[in-house]
Amino acid sequence: MLPPANNLIPELNILPDSVAATPRSTAKPEVNIKPIMLNRWQSFWVMRRIRWHLFRLVLGKVRNPLKTIWALRRLIQIRREYLGDFAFKKVAKVDNRYFFEYNTPGWPSQAFDDYHLAELNRIVPFQHKPYVFKNVIVAITKKCALRCEHCFEWDVLNQKEKLTLADLQTIVRQFQEQGVGQLQFSGGEPLLRMPALLTLLKTAQPGTDFWVLTSGHLLTLETAQALKQAGLTGVTISLDHIEPHLHNQFRGFAEAYNWVEKAAFNANQAGLVVGFSLCATKEFVTTDNLLAYASLVSRLGGAFIQLLEPKAVGHYAGQAVGLSAAQRKMLEAFYTNLNYNPAYHHLPLVVYYDYQRRRAGCAGAADRHVYVDTDGQLHACPFCQKPAGNMLEKNIAGSLESLRQAGCPVLNT
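These remarks concern the structure in this document.

Criteria and cut-off values
Residues numbered from 1 in each chain as written. Predicted model: local features only at pLDDT ≥ 70, side-chain atom pairs only at ≥ 80, totals over all residues. Heavy atoms only, no water. Helix = DSSP H or I, 4+ residues; strand = E, 2+ residues; numbered from the N terminus. Buried < 20%, exposed > 50% of the residue type's maximum accessible area, 1.4 Å probe, protein only. Contact = heavy atoms within 4.5 Å. Areas by Shrake-Rupley, 256 points an atom, 1.4 Å probe, with all protein chains shown as cover. Pairing = 2+ DSSP bridges. Right-handed = clockwise from strand over helix to strand, strands pointing away. Patch = residues over 30% accessible without salt bridge, like charges linked within 9 Å, V, L, I, M, F, W, Y side chains within 5 Å. Salt bridge = Lys/Arg side-chain N within 4 Å of Asp/Glu carboxyl O. Phe/Tyr/Trp six-rings, centres within 6.5 Å; stacked < 30°, edge-to-face > 60°. Lys NZ or Arg CZ within 6 Å of the ring centre and 35° of its normal.

## Topic: the overall build of the protein
Stage number 1. Of regular secondary structure, the protein possesses 13 helices and 11 strands.
Stage number 2. Across the 413 residues in the protein, those meeting the buried criterion constitute 57%.
Stage number 3. Taking the intrachain contacts of the protein between residues at least 6 apart in sequence as the baseline, contacts between residues at least 24 apart amount to 72%.
Stage number 4. Of the accessible surface of the protein, which amounts to about 18500 Å², a share of 53% is contributed by carbon and sulfur atoms.

Rendered as structure tokens:
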């Protein structure tokens, strides 16, 4: 039996009085969400504007039109090696910014320019900073009210916090000094450290898109608006089934699905980009379920779907949770159709990391992605739990380089 929504586990009785005293409403929010996805012609012209902007941006560094064209083609080639041999055709518009790939900062922004210049620097070096991160995930709390089937932080869940606010500020600053296009705060449930989140956002330097990975717990309209004002770009909400009771069962909490709906509505109202993260289990993955999931995400105002294949780590340790070859093919077809097939243009964009890894190798291990756990330890990704140093140590550059040299612990074993 799932615990009731008003029965938070004792060690999580840490909510501010003003929040804890607020009665929990069971009413669903009215759906009044503006369309997020641009139509085909709008997307076409936005992508033309973005490509022209990139040409001018690269030309400013390369100073040679022919070399600029070559560099842009090389950037496109690298992207297609990972994401698929197709051109971007879909764009989401949120708060006057355009988003066409989950881990790419929205345009126009300093984050967008800095990230693409960093990618350019990999092929036409013009500065002494060869590695800049596309995406970094930092777990800021061990606390969570849920008991999720797949939790990769299961062994430390709800233990005593180790990272102070000052520690987290140091970690964010170090990654911004290294260069990072997108930084995602996770946990546990990161919204349980709301004061720290607001401070991290307000004290960060410009040039990074910040996201929160959340179950939806505590994402009220007031919270969403405060995060947006502090500098948050978007939220990724975990949604693991199209049936509310099955999502609740997966998450181990009776009101988990209601949190998702309310959080999506509130985030949209606040002008945040909304993505949804699906742990695509063997029990869930069918073509019908995936398309129904995409339709549900669209109704909830989602711009992105993040597909995660289950891994035998954390709460799943020792279990045979891997997908069949046929199910992986279903996910690949879902990814390709929703991103590039005109018939699915109205549905959200999809990111599928295992597809990218199987095509071109892992982009984690401090190449373009890295994960920092709730103790500040560096990992190749959230599922490769083999620490390679700590972000609070002095020689962080050495730890990152060692992680790059070692590569993915899973692929290299």
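## Let's talk about the environment of Leu157
Stage number 1. The topology assignment puts Leu157 in the loop between strand E3 (133-139) and helix H5 (165-178).
Stage number 2. Linking Leu157 and Arg147, residues 10 residues apart in sequence, is a C-alpha distance of 9.2 Å.
Stage number 3. Setting aside anything within four residues of it in sequence, one finds Leu157 in contact with Lys142, Cys144, Leu146, Arg147, Cys151 and Gly188.

## With respect to the sheet that holds strand E7 (residues 273-279)
Stage number 1. Across the sheet, 9 strands lie side by side as E9-E8-E7-E6-E5-E4-E3-E10-E11; this open sheet has mixed pairing. Whereas interior strands pair on both sides, the edge strands pair on one side only; in this sheet they are strand E9 (349-352) and strand E11 (378-379).
Stage number 2. Here 5 bridges tie strand E6 (residues 232-238) to E7, and the two strands are oriented parallel to one another. Residue pairing in the sheet places Ile237 in a bridge with Phe276 of E7.

## With respect to the pairing of E7
The two faces of the sheet receive side chains in turn, since in a regular strand these alternate between them.
Stage number 1. Burial within E7 is extensive, with 7 of its 7 residues counted as buried.
Stage number 2. Each parallel crossover has a hand, and the one from E7 via helix H10 (residues 287-299) to strand E8 (residues 304-308) is right-handed.

## Regarding a nonpolar patch on the surface
Stage number 1. The grouping of Trp41, Phe44 and Trp45 at the surface amounts to a nonpolar patch, some 400 Å² of accessible area in total.
Stage number 2. On the secondary structure map, Trp45 appears in helix H2 (residues 40-62).
Stage number 3. Exposure remark for Trp45: the relative accessible area of 53% places this residue in the exposed category.

## Some points on the side chain of Gln356
Stage number 1. Looking at the element boundaries, Gln356 is found in helix H12 (residues 353-360).
Stage number 2. Those residues within four positions of Gln356 in sequence are excluded, and the remaining contacts are Tyr82, Leu83, Val351 and Gly361.

## Some remarks on the pattern of salt bridges
Side chains bearing opposite charge may pair, as long as their charged atoms lie close to each other.
Stage number 1. Per the counting criterion, the structure on display carries 17 salt bridges.
Stage number 2. Between Arg122 and Glu119 there is a salt bridge; the shortest N-O distance is 3.2 Å. You can see Arg122 and its partner Glu119 sitting in helix H4 (residues 110-123), 3 residues apart, about one turn around the helix.
Stage number 3. Since its relative accessible area comes to 23%, Arg122 is described here as partly exposed.
Stage number 4. Two residues, Asp240 and Arg251, come together in a salt bridge whose shortest N-O distance is 2.5 Å. Placement of Asp240 in the loop between E6 and helix H8 (244-251) and of Arg251 in helix H8 is noted, with a sequence separation of 11 residues between them. Arg251 carries the same exposure label as Asp240, and that label is buried.

## Re the packing of aromatic side chains
Stage number 1. Applying the stated criterion across every chain, the model contains 19 aromatic pairs.
Stage number 2. Aromatic pair Phe152 and Phe383: ring centres 5.6 Å apart, planes at 75°, arrangement edge-to-face. With Phe152 in the loop between E3 and H5 and Phe383 in the loop between E11 and helix H13 (396-406), this pair connects stretches of sequence that are 231 residues apart.
Stage number 3. Members of the aromatic cluster, joined through ring pairs, are Phe86, Tyr335, Tyr340, Tyr352 and Tyr355.
Stage number 4. In this structure, Arg79 packs its charged tip against the face of Phe88, placed 4.0 Å from the ring centre.

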